[in-house]
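Overview (structure and organization)
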Amino acid sequence: MESPAVTFTLAYLVFAVCFVFPPDEVRSAGLTVQSLLAAWLGSEDAAFVQYHLRRSTGTLLAHSLLPLGYYLGMCFAAPEKHLCFFYLASRGWKTFFFFAVLFPAVTSALAYYWSRKGWNNHPLARTLAVHALPQSGWRAVASSINTEFRRIDKFATGTPGARVIVTDTWVIKVTTYCLHVAQQQDIHLTVTDSRQHELTPDSNMPVQFLTIRVASINPYVKAFDIRLNSTEYGELREKLHAPISNAANVVIHQSLSDLFLETFTSLVEMNQTYPVPSTQELDPSEE
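Residues numbered from 1 in each chain as written. Predicted model: local features only at pLDDT ≥ 70, side-chain atom pairs only at ≥ 80, totals over all residues. Heavy atoms only, no water.

So, the overall build of the protein chain
Counting its secondary structure elements, the protein chain contains eleven helices and eight strands. Each of the 287 residues in the protein chain was classed as buried or not, and the buried ones make up 35%. By sequence separation, contacts in the protein chain at least 24 residues apart represent 51% of the contacts at least 6 residues apart. (Helix = DSSP H or I, 4+ residues; strand = E, 2+ residues; numbered from the N terminus. Buried < 20%, exposed > 50% of the residue type's maximum accessible area, 1.4 Å probe, protein only. Contact = heavy atoms within 4.5 Å.)

In C-alpha cells:
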C-alpha cells in the first residue's frame, strides 16, 4: 500500500500540471488564474493590454507558489519528516524549502518593479514601445490594440495559453507569461510545418494543424510562431494584409472534404493490388 506522502506527491503533481496547463474541465470549474483573480484583472474586452499586464504578472506569482504549497502539504502528509519544524528537517528538505520561499519572494519583487510608474517597467510595455512613434509611447500602442480588439471583425483562435489574435493592424500571440506583438505592415509570414492528428478531444475527425512563422522587418521585434487549424487558414488570410508563403510546400486542407479525400486516398493506397485472371471477363466500363 502506498504511503500518504507518495499519494500526496502524485496528487499534487497532477494538480500542478492542471493548474499550469489547465484542460477544458479545469477551466469550466473556474480553477484558473484568470478566474481566481478576475476581480483584480478586470475585463479583457474593455482594456486588453492592461488585462494582460496584470494576467501575466499574476500568473507568474501564482505558479511560483506551487513549490511552497507542496512543502506545506508534505508537512501533514509526512509528519515523520518533521517538516513543520525547519531545524529538524533533513538537509534536502531545508534546501527545497529555501528555494520554495525564494521563488515567490523573487517574483513578488519582480511584480512590484513591473507595476511601478504605471507598469512602465513591464516586459509587455517594452514590447509595445518598439512600435510607438517618436513622439508617443507604449500607451498609444496599447490604446490602438485595445480599440481594435473590441471590434467584432478580428480573427481570434486557440486556447487561452496559446491564442492568436489578428486585427486590422496587429498580429498578437498570447502565451502563459507574455505577449508577442507585430505590426501587419512590417511582417512576413511563412508556413513552416504541418501536423495531422487523426482524432482530437473535440471531434472524431482528423485535424491538420499549421505552424506559421511571423517575422518582422523591425529589428527590435522577435520572430514568433503561431499555430492554428487548417480549416481556419482561409479566414486568417482574409484578415492579413501580407501574403503567406509556403516555403515547406505544405499541402493545406482548408475543409473537411480535403481531409477526407487525403485519408481515403491513403487508405486505398494501403490496399493490396488485385491481379485480374486472364480468363476473367471485365465489364466494358471497367476497362
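Description of the packing of helix H6 (residues 66-77) against helix H7 (residues 91-119)
Between two packed helices, the angle of one axis relative to the other and the distance separating the axes together describe the packing. Running from N to C, H6 and H7 point in directions that differ by 135°, and their axes come no closer than 8 Å. Classified by the angle between their axes, H6 and H7 sit oblique to one another. As H6 runs across H7, the sense of the crossing is left-handed. Residue-level inspection shows Pro-67, Leu-68, Tyr-70, Tyr-71 and Met-74 of H6 in contact with H7, the latter providing Trp-93, Phe-96, Phe-97, Ala-100, Val-101 and Phe-103. Here the contact of H6 with H7 is built from residues that sort into eleven nonpolar, no polar and no charged. (Axes fitted to C-alpha atoms, helices over the stretch in contact; angles between N-to-C directions. Parallel < 35°, antiparallel > 145°, perpendicular 65-115°, else oblique. Left-handed = near helix turned anticlockwise from the far one by under 90°. Nonpolar A, V, L, I, M, F, W, Y, C, P; charged D, E, K, R; others polar.)

So, the nonpolar core
One finds Leu-189, Ile-212, Leu-236 and Ile-244 to be the most contacted residues of the largest nonpolar core, which totals 22 residues. Contributions of two or more residues to this core are made by strand E2 (162-166), strand E5 (187-197), strand E6 (207-216), strand E7 (224-229) and helix H10 (233-239). Residues contacting Ile-244, with those up to four places away along its chain left out, are Leu-189, Thr-190, Val-191, Ile-212, Tyr-233, Leu-236 and Arg-237. Counting residues in each nonpolar core, the second largest holds 19 residues, with Val-49, Leu-124, Ile-145 and Trp-170 among its members. (Core = buried A, V, L, I, M, F, W, Y, C linked by side-chain atoms within 4.5 Å.)

Description of the state of the cysteines
Per the counting criterion, the structure on display carries zero disulfides. In this structure Cys-75 is not part of a disulfide, and its nearest cysteine sulfur, from Cys-84, lies 3.9 Å away. Overall, Cys-75 belongs to the buried group, its relative accessible area being 9%. (Disulfide = S-S within 2.5 Å.)

Side note on the pairing of strand E4 (residues 179-183)
By the criterion of burial, E4 is predominantly enclosed, with four of the five residues buried. Judged from the five bridges that link them, strand E3 (residues 170-175) and E4 form a sheet pairing that is antiparallel. Among the inter-strand pairings, Val-174 is bridged to a residue of E4, identified as Leu-179. The turn joining E3 and E4, which pair antiparallel and follow one another in sequence, is formed by three residues. (Pairing = 2+ DSSP bridges.)

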